[in-house]
Amino acid sequence: MQDQYGRNIDYMRISVTDRCSLRCRYCMPRGVELCDMAQLLTYEEIVLCAQTAAKLGIRHIKLTGGEPLVRRGLDGLVRMLKAVDGIGQVTLTTNGTMLEKHLSGLIGAGLDAVNISLDTTDRRAYEELTGKDELGSVLSSIDAAVGAGLRTKINAVSFPRSREEIRNLAAMAKDRPIDVRFIELMPIGYGKGFPGVSHKDLFLQLKEMFPGMEPDPAPHGFGPAVYYSIPGYAGGIGLISALHGKFCGSCNRVRLTSKGFLKPCLCYDSGEDLRPILRSGLPPRERDEKLLETMRTVIFEKPREHCFENEQEITEGAPMSAIGG
Ligand code: SAM
Ligand code: SF4
């Protein structure tokens, strides 16, 4: 459906848990409080939200977390979501530490694509950033996903890096047909105190390193990344520049947190808690109508734009691990 500004909202990110196997310092450092398990939506509740969202025009779903693969039976959820009338693509974003062992189940369930988060290819820096010595399992998951023919992208948050680190991350796309996307660090949760890098600067660094890099107008997905190709590279380089290339005018997404809060914009705490409706005990028909109308209102009232440039106006106080990124 269209929101009040005429944007077509067809994409919902669903966080299935606030738990994670890593402790990335800008997202979920050690000591972050977790919600009670009973507050997490059940898979059946998530599917009901997806069915309702599909009636309102949502066509693509991205499963996220926390780390979605710490939740048991995720392949079962993928299968249920793929069966929802109106839902086309179901994709996953994961830190990749546990992906390899779940890969065949997820592909069998119909998963369409995966984004794997990887901020550094240096083993010690990886451990320093995430709290775990898991680089090997992430790299192995990336190769397993590519080998299995699953559409795969790598996401790296942009913070200050040496030229060598940028080159090594970009090189993940050299022999693999996968895009490496850099994402501007957003001042949400623990990201607020973390040093980010403007993509205006990163673009200049990349251009200097790869003088043959050219814009690639071909569509690579349904998100806001701007893509570039490097001669001799099998995959592309993407820049997702939420701050220095504000794309709110074409934003197509809403977010459902693991506790069932429907969020129309990352920047604000506005939205509606769907869990009380899901657990209201109302007869199914009344409950479903209430859910539909509530979701319709949240989507329609999606704010015009984020306010990351004026940090004092940000009202979202939750960590990114609770929202889903
Ligand atoms: N655990 C999964 C993963 O790491 O992909 C899914 C959840 S994680 C919150 C989703 C994405 O959000 C990751 O790529 C992570 O790097 C990114 N992220 C977390 N905090 C962020 C921030 N402040 N700004 C930009 N991206 C952020
Ligand atoms: Fe976990 Fe992903 Fe956040 Fe890292 S970015 S702490 S892997 S949820």
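Look up: the structure comes first, before these words.
What this report covers is the structure whose coordinates are included nearby. Keep in mind it's a predicted model, so treat the numbers as computed, not measured.

Some details on the overall build of the protein
Thinking step 1. For the protein, the count of helices and strands is 10 helices and 12 strands.
Thinking step 2. A compact globule built from 325 residues would reach a C-alpha radius of gyration of about 20 Å, and the protein, at 19 Å, matches this within 12%.
Thinking step 3. Within the protein, buried positions represent 54% of all 325 residues.
Thinking step 4. Contacts in the protein between residues far apart in sequence, at least 24 positions, make up 73% of those at least 6 positions apart.
Thinking step 5. Of the roughly 14,200 Å² of accessible surface on the protein, a fraction of 50% belongs to carbon and sulfur atoms.
Thinking step 6. Computed over 41 positive and 41 negative side-chain charges, the inter-centroid distance for the protein is 2 Å.

Re the layout of surface pockets
Thinking step 1. The calculated volume of the largest pocket comes to roughly 350 Å³.
Thinking step 2. What lines the largest pocket is a set of 20 residues, and nearest its centre among them are Thr257, Lys259, Ala318, Pro319 and Ala322.
Thinking step 3. Contributions of two or more residues to the lining of the largest pocket are made by strand 11 (261–263) and helix 10 (320–323).
Thinking step 4. Sort the elements by how many residues they give to the lining of the largest pocket and helix 10 lands first, with 3 residues.
Thinking step 5. The class makeup of the residues in the lining of the largest pocket is 8 nonpolar, 4 polar and 8 charged.

Describing the site of ligand 1
Thinking step 1. The local shell around ligand 1 holds 19 residues, among which Tyr26, Gly66, Thr93, Ser117 and Met186 are the closest.
Thinking step 2. Within the backbone of Thr94, one N or O atom sits 3.4 Å away from an oxygen atom of ligand 1.
Thinking step 3. About the coverage of ligand 1: the protein hides 94% of its 550 Å² of free accessible area.
Thinking step 4. Of the residues that constitute the shell around ligand 1, the class distribution is 7 nonpolar, 10 polar and 2 charged.

A look at the pattern of salt bridges
Thinking step 1. With the rule as written, the count across this model stands at 13 salt bridges.
Thinking step 2. The partner of Glu128 in a salt bridge is Arg25, with the nearest N and O atoms 3.3 Å apart. On the criterion of sequence distance, the pair formed by Glu128 in helix 4 (residues 123–130) and Arg25 in the loop between strand 1 (11–15) and helix 1 (43–55) is long-range, its members being 103 residues apart.
Thinking step 3. We classify Glu128 as exposed; its relative accessible area is 55%.
Thinking step 4. Given the relative accessible area of 40%, Arg25 is considered partly exposed.
Thinking step 5. A salt bridge links Lys246 to Glu305, with the nearest nitrogen and oxygen atoms 3.6 Å apart. Of this pair, Lys246 sits in the loop between strand 9 (237–240) and strand 10 (253–256) while Glu305 sits in the loop between helix 9 (284–300) and helix 10; the two residues are 59 residues apart in sequence, bridging distant segments of the chain.
Thinking step 6. A relative accessible area of 38% places Glu305 in the partly exposed class.

Thoughts on the sheet that holds strand 10
Thinking step 1. The 12 strands are arranged 7-8-9-6-5-4-3-2-1-10-11-12 in an open sheet whose pairing can be described as mixed. Where the open sheet ends on each side, the last strands, each with one partner, are strand 7 (214–215) and strand 12 (272–273).
Thinking step 2. Looking at chain direction, strand 1 and strand 2 (residues 60–64) are connected through 5 bridges and run parallel. Looking across to strand 2, one finds that Ile14 is bridged to Leu63.

About the cut-offs
- Residues numbered from 1 in each chain as written.
- Chains lettered and ligands numbered in written order.
- Predicted model: local features only at pLDDT ≥ 70, side-chain atom pairs only at ≥ 80, totals over all residues.
- Heavy atoms only, no water.
- Helix = DSSP H or I, 4+ residues; strand = E, 2+ residues; numbered from the N terminus.
- Rg over C-alpha atoms; globule rule 2.2 N^0.38 Å.
- Buried < 20%, exposed > 50% of the residue type's maximum accessible area, 1.4 Å probe, protein only.
- Contact = heavy atoms within 4.5 Å.
- Areas by Shrake-Rupley, 256 points an atom, 1.4 Å probe, with all protein chains shown as cover.
- Lys, Arg positive; Asp, Glu negative; His and termini not counted.
- Charge placed at Lys NZ, Arg CZ, Asp CG, Glu CD.
- 1 Å grid on protein atoms, 1.4 Å probe; cavity = no way out; pocket = protein on both sides within 12 Å on 5 of 7 lines; lining within 4 Å.
- Points joined across faces, edges and corners; volume = space filled by probe spheres on them.
- Nonpolar A, V, L, I, M, F, W, Y, C, P; charged D, E, K, R; others polar.
- Near = heavy atom within 4 Å.
- Polar contact = N/O pair within 3.5 Å; in protein donor to acceptor, adjacent residues only side chain to side chain.
- Salt bridge = Lys/Arg side-chain N within 4 Å of Asp/Glu carboxyl O.
- Pairing = 2+ DSSP bridges.

Distances and angles like these do not, on their own, reveal function.
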